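Listed below, chain by chain, are the residues.
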Amino acid sequence: MTIKKKSLTLLGAVALSLSVSGCGVFDWLIYKPDIPQGNYMETQQVEKLRIEMTKEQVEYILGRPVLRDSFSDDTWYYVYHFKSGRDASIIHKELIIHFENDMLTKVVGDYDLAEDFDTPLEQSRLPDAPMLDTEAENSEAPLLPEQRPEPVPLVEEEGSEYQAEKQFE
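Anyway, here's the lowdown on the structure attached to this text. Counting starts from 1 at the beginning of each chain's written sequence and moves along it residue by residue. Reporting in this predicted model follows two pLDDT cut-offs: at least 70 for local features of residues, and 80 or more for side-chain atom pairs to be given and counted; totals over whole chains, interfaces and linings ignore these cut-offs and use all residues. Values reported for side chains reflect all heavy atoms of the structure, with hydrogen atoms and water molecules removed beforehand.

Comments concerning the packing of aromatic side chains
Move 1: Note on aromatic contacts: the rings of Phe and Tyr and the six-membered ring of Trp form a pair at centre separations within 6.5 Å, being stacked when their planes are under 30 degrees apart, edge-to-face when over 60 apart, and tilted otherwise. Enumeration according to the criterion identifies three aromatic pairs in this entry.
Move 2: Between tyrosine 40 and tyrosine 80 the ring centres are 5.2 Å apart and the planes differ by 65 degrees, which places this aromatic pair in the edge-to-face class. Here tyrosine 80 lies in strand β3 (residues 75-83) and tyrosine 40 lies in the loop between β1 (35-38) and α2 (43-47), a separation of 40 residues in the sequence.
Move 3: For every residue, the accessible area obtained with a 1.4 Å probe (protein chains only) is divided by the maximum for its type, and the residue is called buried under 20%, exposed over 50%, and partly exposed between those limits. A residue is classified by how much of its surface remains accessible, and tyrosine 80, at 12% relative accessible area, is buried.
Move 4: On the basis of an interplanar angle of 15 degrees and a centroid distance of 6.5 Å, the ring pair of tyrosine 80 and phenylalanine 82 is categorised as stacked.
Move 5: Linked through ring pairs, Tyr40, Tyr80 and Phe82 together constitute an aromatic cluster.
Move 6: Over the ring of tryptophan 76 we find arginine 68; its NZ or CZ atom is 4.4 Å from the centre of that ring. Strands here are runs of E lasting at least two residues and helices are runs of H or I lasting at least four, both read from the DSSP assignment and numbered beginning at the N terminus. In this analysis the charged atom, NZ for Lys or CZ for Arg, is taken to sit over a ring once it is within 6 Å of the ring centre and within 35 degrees of the ring normal.

Structural data, given as structure tokens:
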């Protein structure tokens, strides 16, 4: 084979390999949208869950589940799947909620639960808030927000009363 044929064959092979791999080389120029699917949940939402909550309360906090068990309505599945268009990374999170007699009994999944999850909602309280009747009698008077001072104009105009009187005469 002559040098001209060898160089032409080599040039053809290089051109063919570049054309085949060209899509991967310039892939970063093509816009691809992010694809979120399912229930996006913040950790603050999941931390609001308490044992013995009703199904309505759970649905109010987390929204409707992606899947309810078709054979028994006592298991709800919350699934979130996110595929990034930029780098094709995938985030997948699940939360499985179990009920007995329409009351929340167990939560399993990729989210952390609150420390007081095992305390029923009726017995839990906000931080520094008095409990029901027992602590309310012993606690101090309720705190009131600061009262705003009386509004005072920043600049007093001289003779403003005189001008007002003159206008109405």
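Details of helix α3 (residues 55-62)
Move 1: Regarding α3, the residues found buried are Lys55, Val58, Ile61 and Leu62. For α3, the buried positions fall inside an angular range of 130 degrees around the axis, keeping them on one side. Turned more than 90 degrees off the buried face of α3, the exposed positions are Glu56 and Tyr60.
Move 2: The elements touched by buried residues of α3 are α2, β3, β4 (90-100) and β5 (103-109).
Move 3: Phi turns positive, to about 90 degrees, at glycine 63, one or two residues after α3. Arc, as used here, means the arc of the directions from the helix axis to the C-beta atoms. The contact definition used throughout considers only heavy atoms, calling two residues in contact when any of these lie within 4.5 Å.

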